[in-house]
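# Observations on chain architecture
Residues per chain are reported as follows:
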Amino acid sequence: MYLADWVSSWNHNGQGRIYTLEYKNLASNPNILAMKSLVAEGFQHRSQDELASLLSHEDMRVRLRAQLELASRGATSLETFESLLRRGPQIQKIHAIWGLTILARDYQKNRQAYDHHPLSRVIRSASVDDAEIRAQVARAFGEARYVRGTEKVISELLHDENPRVLLFAAMAVGKNGLTQYADRLASILAENNDQDVFLRHGCVMGFTWLGDTDYLEGLRSHPSTAVRRGALLALRKLKDSNAITSFLKDRDESIVTEAARAIHDLNPAPESTAHLAELARNYSENSLPSGFSGENEALLRRIINANFRIGEVSNAENVLRLIQNDKLSDRIRMEAIRSVGDWIQPSALDRVLGWHRPVPRMTSASDSSGLQVLFNAQLPPLVNSLNKNLSEEIARAMAKLGILMEDDRIISTISNANLPVTQRLSAIQSLKNLDATVWNEGINAALDSDSPELIQAGLASLVETQGARAFPRLRLIFHSENPILKNAATLQIARLETPEAQQFFLNQVVGKLSQGAIDPSIHLEIHEAVSHSQNPEMIHALNTYLDSLDVSPDLREWMVTLHGGNVQRGQSLFESHPVAQCLRCHKVGSTGVGEAGPNLQGVASRLNPVQLIESLILPNATLSQGFGPVSAMPPMGLLLSKHEIRDILAYIKTLN
């Protein structure tokens, strides 16, 4: 076994080692030593008889070398192979058939050296009692494309009782272009009834090599589901989108699903995608097609994505019908809602396969207008008619599409603590189009809530609408005893660029950092606001505060990440960040596979918060015992933003 070692980093650094691993107890085994000696000596100097005897060696590597050496000697090995076919043990007979198959290739180039086709010598073996020998004969006829004199033999093998023989016989039919046996392949599929997937594969490949798409399309009316499936799979390999489309009308859901996979996954013609998209109409008005399930994600996600990729108004109507169909699972309806949210600005990644597959949509101005009218009319009423999870997703979709809520629902939505926060945030976004009285009522409703997100959004709307005129109200809120309101007002005052607001921010916020009078959970936001302002007084005051901290100079700017992180986001980043890949090197208890770094379970009990920051930003400053002289972990400050560091730190601090 070979083991690759990247030395000290996951990065491409031009360094590395390759180790070979051997099992010592086997290295001295007499059989292994004998095999090594045989291979080292080579096979070219050995006699025909010796090579023939090696075809029964227990090690396949020896047998293959002996077979290939015999085959390399051309017609002079015919008698040796034929004699083994007549009286050798099974393994020698198999190698003899393989050897003769190789000679069949030489026969095409060097016919004068042969009296007969090499495979004519194996025809008699097609009727022996050993099923494996019969299977290898059928395989040889297919591999060598040997037709002359074998039609009768293949016909008999196509009725063999052994499925392995049938598999290779079916493939031989396709490779040799024996179209007269296409009906027999269909019969084998019907008799097998999808029980043996390998036998089904053999028939599918036989059909594929025959390449008769008209015949395969004709099988869509066959009474056997297994036959229709086999024909469809062959058409998929032949990439005949038009023929595949006809199977979308099948009465069996599994066949329709397979057709949907073939159409959707193989970049088919636009006409086929349109036919797939139209299947959405079969699921409208809280109904399902007879015999079909509302939980078939493989089919329904492809139907949704077909409509999404085409992207016209009629396709959007199709998806909206699916959203309203309560016979479908919530997972399907959730995907339909998300596709609507991404409709105007689709991702380059395919929604089903995850491949880079940009949407080829060219939406005209009239289409865009029609889509906006459709979404504006149909999405808002769904917010209050679906269950909580679906309603929340509808609110997210509306926010992405810039759809405003109806005037009479905005205030009640903001005030309703039982609704999802995302839905209430969407209502706040709608305030800007209302008259001053309703707008002010909506802002007050947001500020009266106990949700930091709603309060922050309300004050953001205040600043966005009133600009500098919002400062007196923000100043009043800043002096509130409610810490949530105070933090929200602080961050909004930082957005105002008037001298009065900036002086207030300098005196009341930045200047009081060292006194501990400012909630540390917003230190990072304050740091960002000061950096953005380019106000030299504020920058100096902030740097003075940071320089006063009793930590390494390299850590000072990161101390603003000590508080305020989100544990859930931090855990998600820790487990799945595509660049940091924390779980690749660390375990948390029994979670993860990483062994390059210490197990982090209990790390918050071993290290204080500043040491935790140091381990992320300066991993070589203090090394864990037993993990080498140099840390394999790169400085996370080079890979992650301060907000990501703050969230990960919040999660790590829970690992007591």
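Residues numbered from 1 in each chain as written. Predicted model: local features only at pLDDT ≥ 70, side-chain atom pairs only at ≥ 80, totals over all residues. Heavy atoms only, no water.

## Quick notes on the overall build of the protein chain
Rule in force here: Strands here mean DSSP runs of E at least two residues long; helices mean DSSP runs of H or I at least four residues long; both are numbered from the N terminus. Atoms counted for the radius of gyration: C-alpha only. Globule rule: 2.2 Å times residue count to the power 0.38. Only protein chains enter the accessibility calculation, which uses a 1.4 Å probe; a residue whose area is less than 20% of its type maximum is buried, one above 50% is exposed, and one in between is partly exposed. Contacts are assigned to residue pairs with any non-hydrogen atoms lying within 4.5 Å of each other. Methods summary: accessible areas were calculated by the Shrake-Rupley approach with a probe of 1.4 Å, and residue burial reflects only the protein chains presented.
In terms of helices and strands, the protein chain carries 34 helices and two strands. At 36 Å, the protein chain has a C-alpha radius of gyration far larger than the 26 Å of a compact globule built from 656 residues. In terms of overall dimensions, the protein chain has a C-alpha envelope of 105 × 65 × 40 Å along the principal axes. In the protein chain, which comprises 656 residues, the share counted as buried stands at 47%. Put simply, 61% of the contacts in the protein chain that link residues at least 6 apart link residues at least 24 apart. Per element, the accessible surface of the protein chain, about 32900 Å² overall, is 50% carbon and sulfur.

## Some details on unusual backbone geometry
Even without being a glycine, Arg-145 presents a positive backbone phi close to 50°. Here the phi dihedral of Gln-534 falls at roughly 60°; this positive angle occurs in a residue that is not glycine. Structurally, the position occupied by Gln-534 is in the loop between helix H29 (523–533) and helix H30 (536–547).

## Details of the side chain of Gln-492
Cut-off, in case you're wondering: Polar contact criterion, stated in full: a pair of N or O atoms within 3.5 Å, where within protein one must be able to donate a hydrogen and the other to accept it, and residues adjacent in sequence count only if both atoms are side-chain atoms.
Mapped onto the elements of the fold, Gln-492 is located in helix H27 (residues 483–493). Among the polar contacts made by the side chain of Gln-492, one reaches the side chain of Arg-495 at a distance of 2.8 Å. Ignoring sequence-local partners within four residues, the contact set of Gln-492 consists of Gln-456, Leu-459, Ala-460, Val-463 and Leu-474.

## Brief notes about the packing of helix H16 (residues 270–278) against helix H17 (residues 297–310)
As a reminder, the rule being used: In this analysis an axis means a line fitted to C-alpha atoms, helices contributing only their contacting stretch, and an angle means the value between N-to-C directions, from 0 to 180 degrees. What sets the label is the angle itself: under 35 degrees gives roughly parallel, over 145 gives roughly antiparallel, 65 to 115 gives roughly perpendicular, and the rest give oblique. It is the rotation of the near helix from the far one that decides the hand of a crossing: anticlockwise by less than a right angle makes it left-handed, clockwise makes it right-handed. Residues were grouped as follows: Ala, Val, Leu, Ile, Met, Phe, Trp, Tyr, Cys and Pro as nonpolar; Asp, Glu, Lys and Arg as charged; and all remaining residues, including Gly, as polar.
Taken N-terminus to C-terminus, the directions of H16 and H17 make an angle of 125°; their axes are 8 Å apart at the nearest point. In terms of orientation, H16 and H17 fall into the oblique class. Where H16 crosses over H17, the two elements pack in a sense that is left-handed. Where H16 abuts H17, its residues Thr-273, Ala-274, Leu-276 and Ala-277 lie against Arg-302, Ile-303, Ala-306, Asn-307 and Ile-310. When grouped by side-chain class, the residues that make up the contact of H16 with H17 number six nonpolar, two polar and one charged.

Interpretation note: all reported values are geometric properties and have no functional meaning in isolation.
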